[in-house]
Amino acid sequence: MYDRLQAVEDRYDELNELLSDPNVVSDAKKLRDYSKEQSGIAETVEVYRHYKEVTGALADTREMLNEKLDDEMKEMVKEEFNELTQEKADLEEKLKLLLVPKDPNDDKNVIMEIRGAAGGDEAALFAGDLFRMYSRYAESRGWKAEVMEANATGIGGYKEIIVMINGNGAYSRLKYENGAHRVQRVPETESGGRIHTSTATVAILPEAEDVEIDIKDSDIRTDTFASSGAGGQSVNTTMSAVRLTHMPTGIVVSMQDERSQIKNKEKAMKILRARIFDKFEREAREEYDTTRKSAVGTGDRSERIRTYNYPQNRVTDHRIGLTIQKLDQIMEGKLDEVIDALIMEDQTSKLEHINDGL
């Protein structure tokens, strides 16, 4: 572990020199990349340097204990030795956490796609409930949620809704929501009071920047058509709706939320870029050693991750076996207790892998 930490510190010093190099300063991409890399390891270096100071002080204190000291001084040195020993142990645990590989997408904004799955109208209503839950959660964290496209059912639900969530660390917390969500409740339309089970799927895509993925204009086919509302009637006579097809992957995005064709194309391009980026990311993950799959799941959107049981006011996350009797609060956007538990399980799993390698 200490060899790795020393390598990180050496790289930090190297980046300091590179960032003062005129050739780097004049190159916007290199300057951005090196600054981002340095920022990403700054805390690790700071804690490691403090750890080395504490280790040195502990060695000096240990030597003092071997010297002839009066009782009062010896007691003071012993107390300092014990404090430094505890601080060293705490810093070691912190350093292990800092060495856990960081997801490069954690700081990104999120494109969230919620779709009603099995259960007809009730599934669409549940998709609407999930949208409101995530909107309230975003608001509680100071993030901005913007609806990019919505296919409403007219009874308060959505067959599909796509939301852009802008905020610091949005992906780092929402990425655990990827998968199939199941609801158990009595639908309002059910006269017999029977509990129905329905599902909705949630896809969490990190927003992809232009520099991360190269999409050639020649690979995209653009079709325009008139926007249509519920039932297929024409909303306007201008060809403002846009359909983008990425021919190499076959990914298609349609957008008709705005009256402007240009704005629709901009929104569609953001979603298309995120879906292509996500496709490449998932393909890379599939190559990852299957024996190292995390306790929080594989990220497969067909995987059932959570059940929302209304009669018992219960939420169960199946990946970590967590059950909370606070469904009413969670549906109001109070998701931190669940997400914090998932993050802790994920970090613990990765820490065990690091400890195995020590």
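Cut-offs used in this document
- Residues numbered from 1 in each chain as written.
- Predicted model: local features only at pLDDT ≥ 70, side-chain atom pairs only at ≥ 80, totals over all residues.
- Heavy atoms only, no water.
- Axes fitted to C-alpha atoms, helices over the stretch in contact; angles between N-to-C directions.
- Helix = DSSP H or I, 4+ residues; strand = E, 2+ residues; numbered from the N terminus.
- Parallel < 35°, antiparallel > 145°, perpendicular 65-115°, else oblique.
- Left-handed = near helix turned anticlockwise from the far one by under 90°.
- Nonpolar A, V, L, I, M, F, W, Y, C, P; charged D, E, K, R; others polar.
- Expected span 1.5 Å × (residues − 1).
- Bend = angle between axes of the 7 residues up to and from the residue.
- Buried < 20%, exposed > 50% of the residue type's maximum accessible area, 1.4 Å probe, protein only.
- Contact = heavy atoms within 4.5 Å.
- Polar contact = N/O pair within 3.5 Å; in protein donor to acceptor, adjacent residues only side chain to side chain.
- Phe/Tyr/Trp six-rings, centres within 6.5 Å; stacked < 30°, edge-to-face > 60°.
- Patch = residues over 30% accessible without salt bridge, like charges linked within 9 Å, V, L, I, M, F, W, Y side chains within 5 Å.
- Areas by Shrake-Rupley, 256 points an atom, 1.4 Å probe, with all protein chains shown as cover.
- Salt bridge = Lys/Arg side-chain N within 4 Å of Asp/Glu carboxyl O.
- Lys, Arg positive; Asp, Glu negative; His and termini not counted.
- Charge placed at Lys NZ, Arg CZ, Asp CG, Glu CD.

Colleague: Mind showing me how you'd approach the packing of helix α3 (residues 28–65) against helix α4 (residues 71–99) here?
Modeller: In a packed pair of helices, the relevant descriptors are the angle between the two axes and the axis-to-axis distance. With their axes 9 Å apart at the nearest point, α3 and α4 run at an angle of 155° to one another. Relative to α4, α3 is oriented roughly antiparallel. Of the two elements, α3 crosses α4, and the hand of that crossing is left-handed. Considering only residue class, the contact of α3 with α4 consists of 14 nonpolar, five polar and nine charged.

Colleague: Help me understand α3, please; the structure alone is not making it clear to me.
Modeller: In an α-helix, one turn spans 3.6 residues; hence positions three or four apart end up facing the same way. Over its 38 residues, α3 runs 55 Å from end to end, which matches the ideal 56 Å to within 8%, given 1.5 Å per residue. Taking the largest bend as the criterion, α3 deviates by roughly 40°, centred on Ile41. Along α3, the positions that sit buried rather than exposed are Gln38, Ile41, Thr44, Val45, Val47, Tyr48, Tyr51, Val54, Leu58 and Thr61. Looking at the packing, one finds that the buried side of α3 touches α1 (2–18) and α4. Where α3 begins, the side chain of Asp27 points an oxygen toward the backbone nitrogen of Lys29, at a separation of 3.2 Å.

Colleague: What's the story with the packing of aromatic side chains in this structure? I'm lost.
Modeller: Two descriptors summarise a pair of aromatic rings, namely the distance from one centre to the other and the angle between the planes of the rings. In this structure the tally under the stated criterion is three aromatic pairs. Arranged with centres 5.4 Å apart and planes meeting at 70°, the rings of Phe126 and Tyr308 form a pair that is edge-to-face. With Phe126 in helix α5 (residues 120–140) and Tyr308 in strand β9 (residues 304–309), the pair connects residues that are 182 residues apart, well separated along the chain.

Colleague: I would appreciate a short explanation of a negative patch on the surface in the present structure.
Modeller: A cluster of like negative charges, contributed by Asp70, Asp71, Glu72, Glu75, Glu79, Glu80 and Glu83, occupies part of the molecular surface. When you line up the elements, Asp71 lands in helix α4. We classify Asp71 as exposed; its relative accessible area is 70%.

Colleague: Could you clarify how one ought to interpret the pattern of salt bridges in this entry?
Modeller: Any two side chains of opposite charge can pair, so long as their charged atoms come close to each other. For the structure shown, the criterion picks out 26 salt bridges. Among the salt bridges present, the one from Lys52 reaches Glu9, with a minimum N-O distance of 2.8 Å. Of this pair, Lys52 sits in helix α3 while Glu9 sits in helix α1, and the two are 43 residues apart along the sequence. Judged by relative accessible area, which is 34%, Lys52 ranks as partly exposed. Between Glu332 and Arg136 there is a salt bridge, with the nearest N and O atoms lying 3.5 Å from each other. Here Glu332 is found in the loop between α8 (327–330) and α9 (336–356), whereas its partner Arg136 is found in helix α5, with 196 residues between them in sequence. The network of salt bridges with shared partners includes Glu9, Asp13, Arg49 and Lys52.

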